[in-house]
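Chain residues, written in single-letter form:
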Amino acid sequence: MPLTAAVISGLQKLVLYETRARYFLVGSNEAQTCHRVLKIDRTEPKDLVIIDDKHVYSQQEVRELLGRLDLGNRTKMGQKGSSGLSRAVSACGIVGFVRFLEGYYLVLITKRRKMADIGGHSIYKIEDTTMIYIPNDSVRVTHPDEARYVRIFQNVDLSSNFYFSYSYDLSHSLQYNMCVLRAPYESEEGEVEVTTTSKQDSFDIFEDEGLPTQVVQGIKNEPYDKYVWNGRLLDKVKDTLHPDWLLYIIHGFCGQSKLLIYGRPVHVSLIARRSSRFAGTRFLKRGANCEGDVANEVETEQIIHDASVMSFRAGSYSSYVQVRGSVPLYWSQDISTMMPKPPIRLDQADPYAHVAALHFDQMLRRFGSPIIILNLVKKREKRKHEKILSDELYPAVLNLNQFLPPDHAIDYIAWDMARYTKSKLCNVLDRLSMIAENVVKRTGFFVNRSDFHCHSLRPDERWGDLGGRLTSTGRLQTGVLRTNCVDCLDRTNTAQFMVGKCALAYQLFALGMIDKPKLQFDTDCVRLFEELYEDHGDTLSLQYGGSQLVHRVKTYRKIAPWTQHSKDIMQTLSRYYSNAFSDADRQDAINLFLQVFQPGESKPHLWELPTDFYLHQSNTLSLLQERRSYTYWWSEGVLSYLPVPYDEVPCEENRKKVLVKRVNRFDDSIDIYTEFYKPYELTSFDDTFCISMTNSAREFMPKTVGVDPSPFTVRKPEETGKSVLGKSSKDETVLQRKTAASAPPPPTEEAVSSSSEDDSEEDREDDGSASQRSTPIKLAESGDAVRAQEDPQPQPIKEPYGLNLSEPLADDDLLIYHRFAHLGQNQHKVEKSNSQPEHRHPDHIINLAPVSYFGSDSIYEVCVPRVSGESRELFEAHVQAGHGAVRSLVREDTLMYREYIKNRYM
């Protein structure tokens, strides 16, 4: 089977030129060796006319073309004062084309920032965009409401958490992308695009020797529409433009941190994809629509890979996916009452669980089985509120399971997390850890390499019964955990963190980084992962709820600082204000951006609609053509491949979604090495992304001598790298820990505002007396406390330096120090000279006997040491072993290996 590689978009730098009649969009690759030109007509007032000649230009050809266009569009022949072709804007991607009531607009990405790197594939965040009106002013037909639609459209801030990549499909998981690269593809009509490169375009060192050039299959697959946010904006031009012009963006979160394990870099990435279907804000989008799409649906993927090896083919990669989303029922909350917690109401009766069946059918296709539901809503309430959802969801799951094979039934776990939080006898995170262990064992996780030999030498009982699917090249995740509460924000984020922490331990164990699949709190590794998940939760909460998280992992661990209470109250007020006053405008902007609502002359305006219910429920505007079966509620072919997800099976239907082209192995479109390292341009090492990303050794490891540098060592709460580097802008860690000794105890769950999603008034009445302190605090005299704050204890010298300098030093130590200082003072007097140096021994220079194997050893030059023949033979044997030519073992080798095994493991 020939090698495969992901196709890199050939258009990463765009320049827009304009004349009175046309826009010319010139795109090139990063090295500016291949160019394409797009012609956009400006004389049509309401239609979009785009011409793509599909021709690849060289840099010289593009310059000549632009020169001819400039000369041909001047008002007078030979005129040099006013150019006929002017440069409008530089960009790095096309978001799409949109039209309201007048002509079309072109939306371009003008600024980007690198956020992550996965196997050499860069992921960028949109930093700035521009919106350009295409028709010329002379043909523009004005409309009084056009400006209002433009303002609503621009309310979707594209510079806030929108991401894209030129070579990596962000809408799919790492498991899917790597399965696509490994699937066999045949050269069939319509699927294969054969590209030939001239001798000047590529360089092959074997060409002159008559050896065949290796052919690589370039793979480009269709994105998953559910997580693409500009799909509707590109629909108009998708069939006419070359695929390199199409850039698909996702919305959600992307973060990456570096975990240093004794200097070995391991990248921990977190990618969250927010669904573009039934998308909206907190109280305006609840439950599911008629097509099975739920509100606030987010797919979160954590990717772990050994950054010392870059490529997908040779590197070690692992990923784990979990999902959050609203309860898949027809339900809503009436916000007209201006209550912090509007009552929950069921809008439609669904006795056969039709909408839940559509939703879980989508999940079976994408993730396989088992589907595990973790329902965190409350079970016991004086007034029925959240319990309404549990009473409807559980019978729906039972109804669907009776038609599924028992091996692939949907698992339902109901756990009242809010009530357990208030109990003095239960530890919430311990209970979540047990659930997480069970879930990860059942679903497994993805890893692209087979087990290490050390796993069989030192077997772990938890590793033997791990779920998923074993393959010849590693493991596949089959099934997924679906977590929900009412809002899918605070409780859900903490539960997902605990599952992710458990999966992280298994992933690091699978990659050979740790000896047991278990991670403890307060280690550098878990602190780094917790910070990633808090950023992830804050971002998703701002997008859906209008504020950051109210309850964090520290809140459920009962170690949150006392200052967190006031922050929680402010976040609750911010969430309430956003839900009451700004969510409606945000919802209109989302509907317009996703083209759920398309303005028209004969339609009412967006702001005139009393509700957007009919925009998201397609069955209300048309008659049903066919009704799905209530018993065979899954799609055709899904059950036959379970537990493997149907979307990852190399069947005929999935092959049609993949474009394959045969290219030279040195072609720019698949050269990920050149794409990542950019050898054609000057870069500064200090400005590279790998230096600026969060680093476990720099940010979390204590800066004291004698500290174990392992990121898996449990630290004390005050031991952190941030306390040395300065105050953290996010949590003000230093201030919180300095004042913790004289502060009141951290707030428990029942002390937090009732408008957050985890508490209600009736629960606080039941458990108001069940407050507990995480740390006993000894009361001191007020004067002593003041003096303790004014006169902090001096830090002992032995902790940072390793010895106590206040004690008198021994005479031998002083003599060594004086000799060292004297040597440093006279070092600069030794000058480099081309002539043979004279052997002088002045009295002020210390004579030191050479102890190295180098004949001439100084700060300027060294002599090359002589290498013995035995050393050369050892090195040559090592190189040959790397190429696969391993010499046969002799008796001495066998005895040496046995002695090593005996000393190491027995």
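Throughout this description, residue numbers start from 1 for each chain and increase along the sequence as written. Since the coordinates come from a predicted model, pLDDT governs what is reported: local features require at least 70, and pairs of side-chain atoms require 80 or more to be given and counted, while whole-chain, interface and lining totals use all residues. Hydrogen atoms and water are omitted, and side-chain values are computed over all heavy atoms in the structure.

1. Details of the overall build of the chain
Thought 1: What the chain contains, in helices and strands, is 28 helices and 25 strands.
Thought 2: Going through the 906 residues of the chain one by one, you find that 48% of them count as buried.
Thought 3: Every residue pair with non-hydrogen atoms within 4.5 Å of one another is taken to be in contact. A separation of at least 24 residues holds for 72% of the contacts in the chain among residues at least 6 apart in sequence.
Thought 4: What sets the accessible areas is the Shrake-Rupley method with a 1.4 Å probe; for residues, cover comes only from the shown protein chains. When the accessible area of the chain is evaluated, it comes to approximately 46900 Å², of which 52% is carbon and sulfur surface. Helix and strand labels come from DSSP, where a helix needs a run of H or I of at least four residues and a strand needs a run of E of at least two; each type is numbered from the N terminus. In this scheme, a residue with accessible area under 20% of its type's maximum is buried, one over 50% is exposed, and one in between is partly exposed, where area comes from a 1.4 Å probe on protein chains only.

2. Thoughts on the side chain of Gln 256
Thought 1: Relative to the helices and strands, Gln 256 resides in strand β12 (residues 250–261).
Thought 2: Of the residues examined, Gln 256 reaches a relative accessible area of 7% and is grouped as buried.
Thought 3: By the criterion applied in these results, polar contacts are pairs of N or O atoms within 3.5 Å in which, for protein atoms, one can donate a hydrogen and the other can accept it, and in which residues neighboring in sequence qualify only through two side-chain atoms. There is a polar contact of 2.8 Å between the side chain of Gln 256 and the backbone oxygen of Asp 117.
Thought 4: Of the polar contacts made by the side chain of Gln 256, one reaches the side chain of Ser 269; its length is 2.7 Å.
Thought 5: With sequence-adjacent residues up to four places away left out, Gln 256 is seen in contact with Met 115, Ala 116, Asp 117, Ile 118, His 267, Val 268, Ser 269, His 305, Leu 532, Phe 689, Met 693 and Thr 694.

3. Details of the packing of aromatic side chains
Thought 1: Note on aromatic contacts: the rings of Phe and Tyr and the six-membered ring of Trp form a pair at centre separations within 6.5 Å, being stacked when their planes are under 30 degrees apart, edge-to-face when over 60 apart, and tilted otherwise. Applying the stated rule across the entire model yields 30 aromatic pairs.
Thought 2: With centroids separated by 5.4 Å and ring planes inclined at 35°, the aromatic side chains of Phe 153 and Phe 593 adopt a geometry described as tilted. With Phe 153 in helix α2 (residues 146–153) and Phe 593 in helix α14 (residues 563–593), this residue pair connects regions lying 440 residues apart in the sequence.
Thought 3: Relative to Tyr 533, the ring of Phe 497 lies with its centre 5.9 Å away and its plane at 75°, an arrangement referred to as edge-to-face. Here the residue Phe 497 occupies a position in helix α11 (residues 490–510), and Tyr 533 occupies one in helix α12 (residues 524–545), the gap between them amounting to 36 residues. Each member of the pair, Phe 497 together with Tyr 533, is buried.

4. Comments concerning the pairing of strand β3 (residues 22–28)
Thought 1: Judged by how many residues are buried, β3 sits mostly within the fold: six of seven residues are covered.
Thought 2: In this structure, strand β2 (residues 13–18) lies alongside β3, joined through six bridges in antiparallel fashion. Across the sheet, Lys 13 pairs through a bridge with Ser 28, a residue of β3.
Thought 3: Two strands form a pair only when DSSP identifies at least two bridges running between them. Hairpin remark: β2 followed by β3, antiparallel, with three residues in the connecting loop.
Thought 4: With seven bridges joining them, β3 and strand β4 (residues 35–41) adopt antiparallel strand pairing. Considered in β4, the bridge of Gly 27 is made with Arg 36.
Thought 5: Taken together, β3 and the strand that follows it, β4, pair antiparallel across an intervening segment of six residues, in which Gln 32 is found at a positive phi of about 60°.

5. Overview of helix α27 (residues 869–882)
Thought 1: The span one expects for a helix is its residue count, reduced by one, times 1.5 Å. Here α27 contains 14 residues, and its C-alpha end-to-end distance of 20 Å stays within 8% of the 20 Å for a straight helix at 1.5 Å per residue.
Thought 2: In terms of residue burial, α27 counts as a barely covered element, since only zero of its 14 residues are buried.

6. Examining the sheet that holds strand β5 (residues 50–52)
Thought 1: Reading across the sheet, the five strands line up as β5-β4-β3-β2-β6 and stay open at both edges, with antiparallel pairing between neighbours. Every interior strand has two partners, whereas the edge strands, β5 and β6 (86–91), have only one. When the angles between neighbouring strand axes are averaged without regard to direction, this sheet yields 20°.
Thought 2: As paired strands, β4 and β5 are joined by three bridges and run antiparallel to one another. From the neighbouring strand, Lys 39 faces β5, where its bridge partner is Ile 51. Between N-to-C directions, angles span 0 to 180 degrees; the directions come from axes that are lines fitted to C-alpha atoms, helices contributing only their stretch in contact.

7. Some words on the nonpolar core
Thought 1: If you look at the biggest cluster of nonpolar residues, it comprises 55 residues, and the most contacted ones within it are Tyr 320, Leu 432, Phe 445, Phe 497, Leu 508 and Leu 519.
Thought 2: Those elements giving two or more residues to this core turn out to be β12, β13 (264–274), β14 (298–306), β18 (371–375), α8 (428–443), α11, α12 and α13 (553–557).
Thought 3: Considering each element in turn, this core owes the most residues, twelve residues, to α11. We call a set of buried residues a nonpolar core when its members are Ala, Val, Leu, Ile, Met, Phe, Trp, Tyr or Cys and they connect through side-chain atoms within 4.5 Å of each other.

8. Regarding the environment of His 359
Thought 1: Residue placement: His 359 occurs in helix α5 (residues 354–367).
Thought 2: Residue His 359 is classed as buried on the basis of its relative accessible area of 1%.
Thought 3: For the pair formed by His 359 and Pro 328, sequence separation is 31 residues and the distance between their alpha carbons is 7.0 Å.
Thought 4: Ignoring sequence-local partners within four residues, the contact set of His 359 consists of Gly 292, Val 294, Glu 297, Pro 328 and Arg 482.

9. Considerations on the pattern of salt bridges
Thought 1: By convention in these notes, a salt bridge is any Lys or Arg side-chain nitrogen within 4 Å of a carboxyl oxygen on Asp or Glu. Tallied over the full model, the rule gives 30 salt bridges.
Thought 2: A salt bridge links Arg 715 to Asp 524; the nearest nitrogen and oxygen atoms lie 2.8 Å apart. A residue pair is termed long-range when its members are at least 10 positions apart, and Arg 715 in the loop between α20 (696–699) and α21 (722–725) and Asp 524 in helix α12 qualify at 191 residues. Each member of the pair Arg 715 and Asp 524 is classed as buried.
Thought 3: Beyond isolated ion pairs, a larger network of salt bridges with shared partners links Arg 273, Glu 299, Glu 301 and Arg 366.

10. Observations concerning the confidence of the model for the chain
Thought 1: A residue's pLDDT is the predictor's confidence in that residue, given on a scale from 0 to 100. Chain-level pLDDT for the chain is 81 on average; 78% of the residues reach the 70-or-more range.
Thought 2: Ignoring residues within four places in sequence, the model shows residues 723–792, a span with pLDDT below 50, making 113 contacts including any to other chains.
Thought 3: Below a pLDDT of 50 lies the segment residues 830–835, which in the model reaches three contacts outside its immediate sequence neighbourhood of four places, other chains included.

11. Things to note about the packing of α8 against α11
Thought 1: The geometry of α8 relative to α11 is characterised by a closest axis approach of 8 Å and an angle of 55° between their N-to-C directions. Looking at the two axes, α8 sits oblique to α11. Seen from above, α8 lies across α11 with right-handed handedness. In this structure, α8 contributes Leu 429, Leu 432, Ser 433, Ala 436, Glu 437, Val 440 and Lys 441 to the contact, and α11 contributes Thr 494, Ala 495, Met 498, Val 499, Cys 502, Ala 503 and Tyr 506.
Thought 2: Here the contact of α8 with α11 is built from residues that sort into ten nonpolar, two polar and two charged. Roughly parallel covers angles under 35 degrees, roughly antiparallel covers those over 145, roughly perpendicular covers 65 to 115, and oblique covers all other angles. By definition, any crossing whose near helix is turned counterclockwise from its far helix by less than a right angle is left-handed, and any crossing with a clockwise turn is right-handed. Polar here means any residue other than Ala, Val, Leu, Ile, Met, Phe, Trp, Tyr, Cys and Pro, which are nonpolar, and Asp, Glu, Lys and Arg, which are charged; Gly is therefore polar.

12. Quick notes on the sheet that holds strand β1 (residues 3–6)
Thought 1: Spatially, three strands are ordered β1-β11-β24 in an open sheet, and the strand pairing comes out mixed. Each having just a single partner strand, β1 and β24 (658–664) make up the two edges of the open sheet. Neighbouring strand axes in the sheet, compared pairwise and without regard to direction, differ in orientation by 35° on average.
Thought 2: Strand contacts of helix α3 (residues 174–182): β1, β11 (215–221) and β24, with the helix running at about 145° to β11, the strand carrying the most contacts.

13. Thoughts on the packing of α11 against α12
Thought 1: Interhelical geometry of α11 versus α12 gives an angle of 140° and a closest axis separation of 10 Å. The angle between α11 and α12 falls in the class oblique. For the pair α11 and α12, the sense of crossing is right-handed. Contacts from Asn 493, Gln 496, Phe 497, Gly 500, Lys 501, Leu 504 and Leu 508 in α11 reach Cys 525, Val 526, Phe 529, Glu 530, Tyr 533, His 536 and Gly 537 in α12.
Thought 2: Of the residues in the contact of α11 with α12, the class split is seven nonpolar, five polar and two charged.

14. Structural notes on α2
Thought 1: Of all the residues in α2, the buried ones are Glu 146, Tyr 149, Val 150, Ile 152 and Phe 153. Burial along α2 is one-sided: seen end-on, the buried residues are contained in an arc of 160°. Arc definition: it is the arc formed by the directions from the helix axis to the C-beta atoms.

15. Quick word on the environment of Leu 3
Thought 1: In this fold, Leu 3 is placed in strand β1.
Thought 2: For the pair Leu 3 and Gln 214, spaced 211 residues apart in sequence, the C-alpha separation works out to 8.8 Å.
Thought 3: Here Leu 3 is in contact with Gln 214, Val 215, Val 216, Gln 217 and Arg 313, once residues within four sequence places are set aside.

16. Thoughts on unusual backbone geometry
Thought 1: Cis geometry marks the peptide bond from Ser 369 to Pro 370; its omega dihedral reads 5°.
Thought 2: Looking at the secondary structure, you find Pro 370 in the loop between α5 and β18.
Thought 3: Of note, the bond from Leu 642 into Pro 643 is cis; its omega dihedral lies within 30 degrees of zero at 10°.
Thought 4: You can see Pro 643 is positioned in the loop between α16 (638–641) and α17 (652–655).
Thought 5: Even without a glycine there, the phi angle at Cys 488 is positive, about 60°.
Thought 6: Structurally, the position occupied by Cys 488 is in the loop between β23 (480–484) and α11.
Thought 7: Accessibility expressed as a relative area gives 0% for Cys 488, which makes it buried.

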